[in-house]
Amino acid sequence: KIIQICKKMNVDAVHPGYGFLSENYLFSKELSKNNIIFIGPPANAVKEMGDKISSKKIALKAKVNCIPGINKEIRSLEEASKVSNNIGFPVMIKASAGGGGKGMRIVRKKKDLSELLKSAKNEAKNAFGDDRVFIEKYIENPRHIEIQVLGDKFGNIISLGERECSIQRRHQKIIEESPSIAINQEIRDEMCKKSEFIASSINYIGAGTIEYLYDPNSG
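A brief structural summary. (Residues numbered from 1 in each chain as written. Predicted model: local features only at pLDDT ≥ 70, side-chain atom pairs only at ≥ 80, totals over all residues. Heavy atoms only, no water.)

Some details on the overall build of the chain
Our working definition: Working definition: helices are DSSP H or I runs of at least four residues, strands are E runs of at least two. Numbering for both runs from the N terminus. Burial classes: relative accessible area under 20% of the type maximum marks a residue as buried, over 50% as exposed, and values in between as partly exposed (1.4 Å probe, protein chains only). By definition, residues are in contact when any of their heavy atoms lie within 4.5 Å. Using a 1.4 Å probe, the Shrake-Rupley method yields the accessible areas, and only the shown protein chains count as cover for residues. A residue counts as positive if it is Lys or Arg and as negative if it is Asp or Glu; His and the chain ends are not included. All charge positions are set by atom: Lys at NZ, Arg at CZ, Asp at CG, Glu at CD.
From N to C terminus, the chain includes seven helices and 10 strands. Each of the three principal axes of the chain carries a C-alpha extent, and together these read 55 × 40 × 30 Å. Scored against the burial criterion, the 219 residues of the chain give a buried share of 41%. In the chain, the proportion of contacts linking residues at least 24 apart, taken out of those at least 6 apart, comes to 58%. Working note: accessible area of the chain is about 13,200 Å², and carbon and sulfur atoms make up 51% of it. Side chains of the chain carry 35 positive and 27 negative charges; the gap between the two charge centres is 6 Å.

Comments concerning the sheet that holds strand S7 (residues 143-151)
Counted only if it meets this: By definition, two strands form a pair when at least two bridges between them are found by DSSP. Comment: axis = line fitted to C-alpha atoms, over the contacting stretch for helices; angle = value between 0 and 180 degrees taken between N-to-C directions.
Taken together, the four strands give an open sheet; going across it, the order is S9-S8-S7-S10, and neighbouring strands pair in antiparallel fashion. Of all the strands in the sheet, the pair left with one neighbour each is strand S9 (172-177) and strand S10 (206-214). Ignoring which end each strand starts from, the neighbouring axes of this sheet average 35° apart. In terms of strand pairing, strand S8 (residues 157-169) meets S9 through four bridges, oriented antiparallel. Directly across from Ile-167, in S9, lies its bridge partner Ile-175. Seen against the sheet, helix H7 (residues 185-201) touches S7, S8 and S10 and runs at an angle of roughly 110° to S8.

Structural notes on the layout of surface pockets
Note the following rule: Using a grid of 1 Å spacing that covers the protein atoms alone, one calls a set of points a cavity when a 1.4 Å probe fits there but cannot get out, and a pocket when the set is open and has protein on both sides within 12 Å along at least five of seven lines; lining residues are those with an atom within 4 Å of a point. Grid points are joined across faces, edges and corners, and a volume is the space filled by probe spheres set on the points.
Taken as a whole, the second largest pocket encloses approximately 440 Å³ of empty space. Every residue lining the second largest pocket is counted, 18 residues in all, and those nearest its centre are Glu-23, Asn-24, Tyr-25, Ala-97 and Asp-130. Contributions of two or more residues to the lining of the second largest pocket are made by helix H2 (25-33), helix H3 (43-50) and helix H6 (113-128). When residues of the lining of the second largest pocket are assigned to their parent elements, the largest contribution, four residues, is made by H3.

Purely spatial values, then, with no claim about function.
Here you go:
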């Protein structure tokens, strides 16, 4: 419908806003097919970084510390049980697609795994049309810290420092503040450097964020 409207009104570019369509690479590809500019990163970058499973693989290649877990789709309760036992409860079930806190469930006890796995998959399917989920260790009281990056068409990538996004409700940010009081300059510099490397590796264009969970107890 959006593309039909664009054609009718002779629109030559679309800004997708935030969330949902901005993270949907198929929307970007359809615009491109119809010679309409997508104001944002290339479809391939959206696909790779909008999917949590593939983005974790990219981060691991960049030697970024990632939360322990399995970086592939969980296909059965038996597999989920085995992975959770290996990681150790509590664990977090996460939808691979989309964002906004949808398709996420904390599992503290094994007896709750079946119900919460089904619930997470159903919510992910309804929100994103994609019910793939994966499992990783649940970090108690983490800091949610994001690094802002900007990229142009000529391969230049810069970072603009961090935003502390730990004040949340239902896994959705309420307040963002900068700088974060949780990290020192050494950690800040390392996060910015890694974020620039990740963005450069996928030829990112436009504004974006590389998101981290920082565990204050990890040292």
